[in-house]
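The primary structure of each chain is shown beneath.
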Amino acid sequence: MVSSKPPPPSSPGSPTPKQQQQEQKSLLNSSVKSLSFLVALQLFSRLGTSVLNQALVRLASPSAFGTAAIQFELVLSTILFLSREGVRNAILRSKVTTATSTTGKKRGDPTTGREKEHEDDARTKQLNLTFIPALLGVPLAVVTTLVYLKCASEEVRRQPYLAAAVAVYAGAAVVELWSEPMHNRAMLELKTNVRVRAEGLGITAKSFVTFLVLFVDSRRGKDTLALVAFALGQLAYAVVVFGCYVRAFGVPWVKQPKANSKSQSGYFDSALLNLSVTMTFQSVIKHVLTEGDKLLLTFFSPLEDQGGYAVAANYGSLLARIVFQPLEETLRVFFSRLLTSQKKQDCQQAADALTALLSVQIAISVLFVIFGSAYLSVFLPLLLPQKYLATSAPSVLGAWVWYIPVLALNGGLEAFLSSAASTKDLNRQSRSVSSRGLILVEAILANNDHRWMFAFSIIYVSAAFMLYRLGFGDVSLIYANTINLAARILYCLSFSSRFFTAKERSVTFGLWQLVPPIPFLVASAAASLLVRISASQLEVPATLKNAGRYAVFQKNVLAHVGVGGLSGVSCLIIWLYMSRRRVAALVRRSKSD
């Protein structure tokens, strides 16, 4: 017998299913728009940086370039990352935004005065939390600067104006942290155009100031202001970014919640504050592992070798910075907003988005490894100045061909983990490096997941040291990072599977869906064999050795490039044809949800 009871009415403030669908569509459209803005920003900034570096490697000595690109950047990233990363991730996961609420309410909807007061207080406490990075940045900048100057090698200390340059870098980090409240507001409100404008103008100012000081110094014939030039360029970037944000949002300040005496005490939301602390502890291990190459270079490589590594890493990281970093930031916002409600349809949309992303990345990674490893030697003479071809730069770029696919997969999975994981899950990933002494070590050994992450952290450090000792040189850093990211990918995949298949959600997420179609894999293997036969038959290696910088314009080399281009396009067409059903199924399921 069918029940004739009507469905229970929804509460006045809750959104209808149609409103939820519109909100999901709006969120997806906003995320795609944000991604396009961020990709454009990174494309502009990375290409500008590459052009600048081409000029700088000719104006600055390898020692100065290595100091600025490796050691000063390590100082800067340490201050910024440890000060703001935890707060940024926590703010993105908050349910209250600085813009109009996304719960489906419109102006004129019935909202009691108490509810409105509570919402205003929550928004105020959320905004107040964004000032914490600026407060943390000052003591952290002082400590980091003093530690660096104390631990710097004698070769580094002999460079002119070292202390002044480091101090300016630390000051630039503090100025950049002043922009955090406005940066977080722009991210929460998906006003990516404001960020693109600010950082784009900042990069332009940085490039202009650095080049101008180096050019004037070289004209004077003294070459003593190289480090100062890099430092002043970074300061110009921070000042311009802060000024652009102030023009867009005004000067923010900490506010006292209006209902502070009646509601939860304090200027900050306690739940968000605790989450920020947890994520800050997590960021310590992430920072050490992410910047491990710079740490090891600082201690093991001469300054000139650091300069060669920096030039190679600049080219190798172009794709990562232009595409992967904006994608990770956009996905972090997308997943954070989508999973705040923990509803089944939202979780299914998140699972479909993650599945589609990873399957595309894996297929493109297969092609990238095949054709990147085969054709890197063809374009190296055009990418690197002649004096760098005899260094470790070519081998470092060769290792980046294998590292980039792993970097791509890790970025999307890390974005989902930071958006979906609870405080307990984040502690499970990061507690192994938190500075809580023996109690924490015992907790690590008592938990399988803790032991797993701790073991891979040890493997990363051990692999880097071992490969260095075996004579791999700077390439060992890329391989060690690949091992590290592979460990993190395994952990994130395990978490994602547990998250989506949990009893309270029980949505579809199959790891088997990530495997590329078999015909595509067969075609890729055939293409790999074909391009190697082409190189041998057309005598490409001999031409590259004899013709030098312009070998790529020789007829046999152009024919070899044509073979690779046709093979790559053919593989891509096969993948698109074989994957169309998967994509259509994901779209239909998304619409039905």
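Going by the structure above, here's the rest.
Residues numbered from 1 in each chain as written. Predicted model: local features only at pLDDT ≥ 70, side-chain atom pairs only at ≥ 80, totals over all residues. Heavy atoms only, no water.

### Some details on the overall build of the protein
Line of reasoning, step 1. The secondary structure content of the protein amounts to 22 helices and 0 strands.
Line of reasoning, step 2. In the protein, which comprises 593 residues, the proportion classed as buried is 50%.
Line of reasoning, step 3. The long-range fraction of contacts in the protein, counting pairs at least 24 apart against all pairs at least 6 apart in sequence, stands at 83%. (Helix = DSSP H or I, 4+ residues; strand = E, 2+ residues; numbered from the N terminus. Buried < 20%, exposed > 50% of the residue type's maximum accessible area, 1.4 Å probe, protein only. Contact = heavy atoms within 4.5 Å.)

### Section: the packing of aromatic side chains
Line of reasoning, step 1. By the definition in use, this model includes 12 aromatic pairs.
Line of reasoning, step 2. Relative to Phe242, the ring of Trp178 lies with its centre 6.0 Å away and its plane at 65 degrees, an arrangement referred to as edge-to-face. Residue Trp178 is located in the loop between α6 (162–177) and α7 (180–188), and its partner Phe242 is located in helix α9 (residues 226–249); the two are separated by 64 residues in the primary sequence.
Line of reasoning, step 3. For Trp178, a relative accessible area of 43% puts it in the partly exposed group.
Line of reasoning, step 4. By relative accessible area, which is 25% here, Phe242 ends up partly exposed.
Line of reasoning, step 5. Geometrically, the ring pair formed by Phe211 and Phe215 is stacked, given 6.1 Å between the ring centres and 20 degrees between the ring planes. (Phe/Tyr/Trp six-rings, centres within 6.5 Å; stacked < 30°, edge-to-face > 60°.)

### Describing the nonpolar core
The nonpolar side chains of a soluble globular protein tend to be buried, and buried together.
Line of reasoning, step 1. Residues Phe72, Phe416 and Phe500 are the most contacted members of the largest nonpolar core, which totals 95 residues.
Line of reasoning, step 2. If one sorts the elements of this core by residue count, helix α15 (residues 393–420) sits on top with 17 residues.
Line of reasoning, step 3. Ile370, Tyr375, Ala527 and Leu544 belong to the second largest nonpolar core, which has 19 residues in total. (Core = buried A, V, L, I, M, F, W, Y, C linked by side-chain atoms within 4.5 Å.)

### Quick notes on a nonpolar patch on the surface
Line of reasoning, step 1. The grouping of Val284, Val288, Leu295, Phe299, Phe300, Val461 and Phe465 at the surface amounts to a nonpolar patch, some 560 Å² of accessible area in total.
Line of reasoning, step 2. Breaking the nonpolar patch down by element, the ones donating at least two residues are α10 (270–290), α11 (292–300) and α18 (448–469).
Line of reasoning, step 3. Per element, the largest residue contribution to the nonpolar patch is 3 residues, and it comes from α11.
Line of reasoning, step 4. Following the sequence through the fold, Val284 ends up in helix α10.
Line of reasoning, step 5. Its relative accessible area of 31% is what places Val284 among the partly exposed residues. (Patch = residues over 30% accessible without salt bridge, like charges linked within 9 Å, V, L, I, M, F, W, Y side chains within 5 Å. Areas by Shrake-Rupley, 256 points an atom, 1.4 Å probe, with all protein chains shown as cover. Salt bridge = Lys/Arg side-chain N within 4 Å of Asp/Glu carboxyl O.)

### Side note on the environment of Arg197
Line of reasoning, step 1. Looking at the element boundaries, Arg197 is found in helix α8 (residues 192–220).
Line of reasoning, step 2. Assessed through its relative accessible area of 46%, Arg197 is described here as partly exposed.
Line of reasoning, step 3. C-alpha of Arg197 to C-alpha of Val241: the two residues are 44 residues apart in sequence and 8.6 Å apart in space.

### Description of the packing of helix α14 (residues 344–383) against helix α20 (residues 518–537)
Line of reasoning, step 1. Put simply, α14 and α20 touch, their axes get as near as 10 Å, and they point 5 degrees apart. The angle between α14 and α20 falls in the class roughly parallel. When α14 is examined against α20, the residues Ala363, Val366, Leu367, Ile370, Phe371, Ser373, Ala374 and Tyr375 are found in contact with a partner set consisting of Phe520, Ser524, Ala527, Ser528, Val531 and Arg532.
Line of reasoning, step 2. Class assignment for the residues of the contact of α14 with α20 results in 10 nonpolar, 3 polar and 1 charged. (Axes fitted to C-alpha atoms, helices over the stretch in contact; angles between N-to-C directions. Parallel < 35°, antiparallel > 145°, perpendicular 65-115°, else oblique. Nonpolar A, V, L, I, M, F, W, Y, C, P; charged D, E, K, R; others polar.)

### Notes on the packing of helix α2 (residues 62–92) against α9
Line of reasoning, step 1. For the pair α2 and α9, the least separation of the axes is 10 Å and the interaxial angle reads 40 degrees. It follows from the interaxial angle that α2 and α9 lie oblique. Considering how the two elements wind past one another, α2 and α9 form a crossing that is right-handed. Side by side, α2 and α9 meet where Ala64, Phe65, Thr67, Ala68, Phe72, Glu73 and Leu76 of the first sit next to Ala226, Leu227, Phe230 and Gln234 of the second. (Left-handed = near helix turned anticlockwise from the far one by under 90°.)

### Some remarks on the environment of Ser283
Line of reasoning, step 1. Mapping Ser283 onto the fold places it in helix α10.
Line of reasoning, step 2. Put simply, Ser283 and Phe81 are 202 residues apart on the chain and 7.4 Å apart in space, counted from C-alpha to C-alpha.
Line of reasoning, step 3. Among residues more than four places away in sequence, those in contact with Ser283 are Phe81, Leu82 and Glu85.

### Notes on helix α4 (residues 132–151)
Line of reasoning, step 1. With 20 residues, α4 should reach 28 Å at 1.5 Å per residue; the first-to-last C-alpha distance of 28 Å fits that figure.
Line of reasoning, step 2. Its maximal kink placed at Val138, α4 deviates by approximately 30 degrees, while the proline Pro139 follows within four residues.
Line of reasoning, step 3. When α4 is considered as a whole, its buried residues turn out to be Ile132, Pro133, Ala134, Gly137, Ala141, Thr144, Thr145 and Tyr148. (Expected span 1.5 Å × (residues − 1). Bend = angle between axes of the 7 residues up to and from the residue.)

### Quick word on the pattern of salt bridges
Line of reasoning, step 1. For the coordinates displayed, the defined rule picks out 6 salt bridges.
Line of reasoning, step 2. The closest approach of N and O atoms between Arg84 and Glu176, which form a salt bridge, is 3.5 Å. A residue pair is termed long-range when its members are at least 10 positions apart, and Arg84 in helix α2 and Glu176 in helix α6 qualify at 92 residues. Exposure class is identical for Arg84 and Glu176. Each is buried.

Interpretation in functional terms is not warranted from these geometric data alone.
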